[in-house]
Amino acid sequence: MATTMHAAVVEQFGKPLVLRELDIPSPGPGQILVKTEACGVCHTDLHAAHGDWPLKPILPFIPGHEAIGLVVAVGSGVTIVKKGDRVGVPWLYSACGHCEYCLTGWETVCAHAQFGGYTKNGGFAEYILADPNYVAHVPADLAARDAAAIICAGITTYKGIKETAAKPGEWIAISGAGGLGHLGIQYAKAMGLHVCAIDIDDGKLAHAKRIGADLVINASTGDPAAALKKETGGGAHGVLITAPSLTAFKQGVGMTRKRGTCVLVGLPPGEFPVPLFDVVANCITIRGSFVGTRQDMAEALAFAAEGKVRADIELQPLSAINQVLDRLEHGDVASRVVLEFASDSSEMTAVEHTAVTAAFPGNVTAGPGRDASAAAQLGYPDQALGTV
């Protein structure tokens, strides 16, 4: 096995990621090492790289929380996975397992939870350390590239739909028909719901119709809440806001039927006003939903393995990560981008190496034969890269 790996690293918030060659980490007790086959790119990666949120990652760090790969090494005491298993390393990297939230199946809000590609190094790297107790178990008939988006965008929308409590035959409105929304539409249809897709992009709305939406509304023309209420006889029983837009949040509350539930999963910075009289008088519930539990993960992957849900993906190499993030920031990604890794990173061709160095000029460090670890040579603290 190779001794070094390529990884895309955030060294400064708001700056392009830097491609580094680092030592491949070794799993300690209770850890596993995963050789990355594919890793999706998410808006959260963009927020992480920009340092947008109040709790910021510690620099430097490797983003990516949609990593799928094969277990190539296991630390002592690991029994739940074995070498050769295909697993996913998701946003919920680990949790304490003992608090009131973990004990009641809400480990996503554990105060001691760790997050992949944020508080722990993530999947924009050829190898990644993981906690075997929290990895996703990828069904045998689901390809790595197809599983990547499911372990973040898929589980997030699936859990969000569950949190609306909408029943088969009822209406759900999904605001944002892009990377998360197009998966939410498919999950909702598979769960027996009538679906209205809302977006400001006619192309995305046309695609929403193709994948099963019963009704589409362009939010940039007229009043989307009024249009939805007219078409559904009072509004949606459940509303899922995936768009990272404060305007979409405000509109979503207005789309909610009396006694309905509006679930927020998008994370735009800032705050939005709530029409308190309408919320109280109409008994509307507004609820946040944060990814999903390990059981939600298994269910979300099962839908995909059965062919009921499939992410629209665009494949890109790791060397294109900065272009991908720039496109994501400017709304130029139709669905989900997945970084696909070479089957054997130790055999990177001259052409591939040239592409990498061209994309990150001057930022690929020396290969094998160094005196110190990659992290130390780059001036990083020991805990920052290559270890957990």
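Caption draft 1: Just the packing of aromatic side chains, in detail. Evaluated as defined, the whole model comprises nine aromatic pairs. Relative to F115, the ring of W91 has its centre 4.9 Å away and its plane inclined at 20°; by these criteria the two rings are stacked. Of this pair, W91 sits in the loop between β5 (86-89) and β6 (92-94) while F115 sits in strand β7 (residues 114-115), and the two are 24 residues apart along the sequence. Neither W91 nor F115 differs from the other in exposure class; each is buried. Centroid distance W91 to Y118: 5.5 Å. Interplanar angle 65°. Geometry classified as edge-to-face. Taken together, the residues span a long stretch of sequence, with W91 in the loop between β5 and β6 and Y118 in the loop between β7 and β8 (127-130) at a distance of 27 residues.

Caption draft 2: Inspection of the environment of G160 at higher detail. Counting through the fold element by element, G160 comes out in helix α4 (residues 153-164). For the pair G160 and C262, spaced 102 residues apart in sequence, the C-alpha to C-alpha distance is 9.4 Å. The residues touching G160, leaving out its near neighbours within four places in the chain, are L240, V263 and S289.

Caption draft 3: Just the nonpolar core, in detail. In terms of nonpolar packing, the biggest core is built from 55 residues, with L17, I32, V41, V89, F124 and I321 touching the most fellow members. Of all hydrophobic cores here, the second largest spans 41 residues; its members include L180, L193, A197 and V309.

Caption draft 4: Seen up close, the packing of helix α1 (residues 43-50) against helix α11 (residues 321-329). Running from amino to carboxyl end, α1 crosses α11 at an angle of 100°, the nearest separation of the two axes being 10 Å. Compared by their axis directions, α1 and α11 come out roughly perpendicular. The residues of α11 that touch α1, namely those facing H43, D45, L46 and H50, are L325, L328 and E329.

Caption draft 5: Representation of the pattern of salt bridges. All chains considered together, the criterion is met by 16 salt bridges. Between R20 and E11 there is a salt bridge, and its shortest N-O distance comes to 2.9 Å. Overall, R20 belongs to the buried group, its relative accessible area being 14%. By relative accessible area, E11 is classed as partly exposed at 25%. The closest approach of N and O atoms between E299 and K162, which form a salt bridge, is 3.0 Å. Taken together, the positions of E299 in helix α10 (residues 294-305) and K162 in helix α4 put the pair 137 residues apart, joining distant regions of the chain.

Caption draft 6: View of α10. Given a rise of 1.5 Å per residue, 12 residues ought to cover 16 Å, and the 16 Å separating the end C-alpha atoms of α10 matches this to within 8%. Every buried residue of α10 is listed here: D296, M297, A300, L301, F303 and A304. One side of α10 carries all its buried residues, which in axial view fall inside an arc of 150°. Among the structural elements, β9 (136-137), α3 (144-148), α4 and α5 (181-190) are those in contact with the buried residues of α10.

Caption draft 7: Representation of α1 in the model. Counting buried positions along α1 gives six out of eight residues, so the element sits mostly inside the fold. Looking at the buried positions of α1, the neighbouring elements they touch are β3 (32-41) and α11. Phi for G51, located one or two positions after α1, is positive at around 65°.

Caption draft 8: View of the packing of α4 against α10. Interaxial distance between α4 and α10 falls to 9 Å at its minimum, and their mutual angle equals 105°. With respect to α10, the axis of α4 lies roughly perpendicular. Each of G154, I155, Y158, K159 and K162 in α4 lies in contact with α10, whose residues at this interface are D296, M297, E299, A300 and F303.

Caption draft 9: Looking closely at unusual backbone geometry. Residue P60 is bonded to the preceding L59 through a cis peptide linkage, with omega at -15°. Tracing the backbone shows P60 in the loop between α1 and β4 (67-74). In the Ramachandran plot, R259 falls in the positive-phi region, its phi being about 70° despite a non-glycine side chain. Here R259 shows up in strand β14 (residues 256-264). Residues other than glycine seldom take positive phi values, yet V291 does so here, at roughly 45°. With respect to the element layout, V291 can be found in the loop between β15 (285-288) and α10.

Calculation criteria
Residues numbered from 1 in each chain as written. Predicted model: local features only at pLDDT ≥ 70, side-chain atom pairs only at ≥ 80, totals over all residues. Heavy atoms only, no water. Phe/Tyr/Trp six-rings, centres within 6.5 Å; stacked < 30°, edge-to-face > 60°. Helix = DSSP H or I, 4+ residues; strand = E, 2+ residues; numbered from the N terminus. Buried < 20%, exposed > 50% of the residue type's maximum accessible area, 1.4 Å probe, protein only. Contact = heavy atoms within 4.5 Å. Core = buried A, V, L, I, M, F, W, Y, C linked by side-chain atoms within 4.5 Å. Axes fitted to C-alpha atoms, helices over the stretch in contact; angles between N-to-C directions. Parallel < 35°, antiparallel > 145°, perpendicular 65-115°, else oblique. Salt bridge = Lys/Arg side-chain N within 4 Å of Asp/Glu carboxyl O. Expected span 1.5 Å × (residues − 1). Arc of directions from axis to C-beta.

Everything listed here is a matter of coordinates, which is why it stays silent on function.
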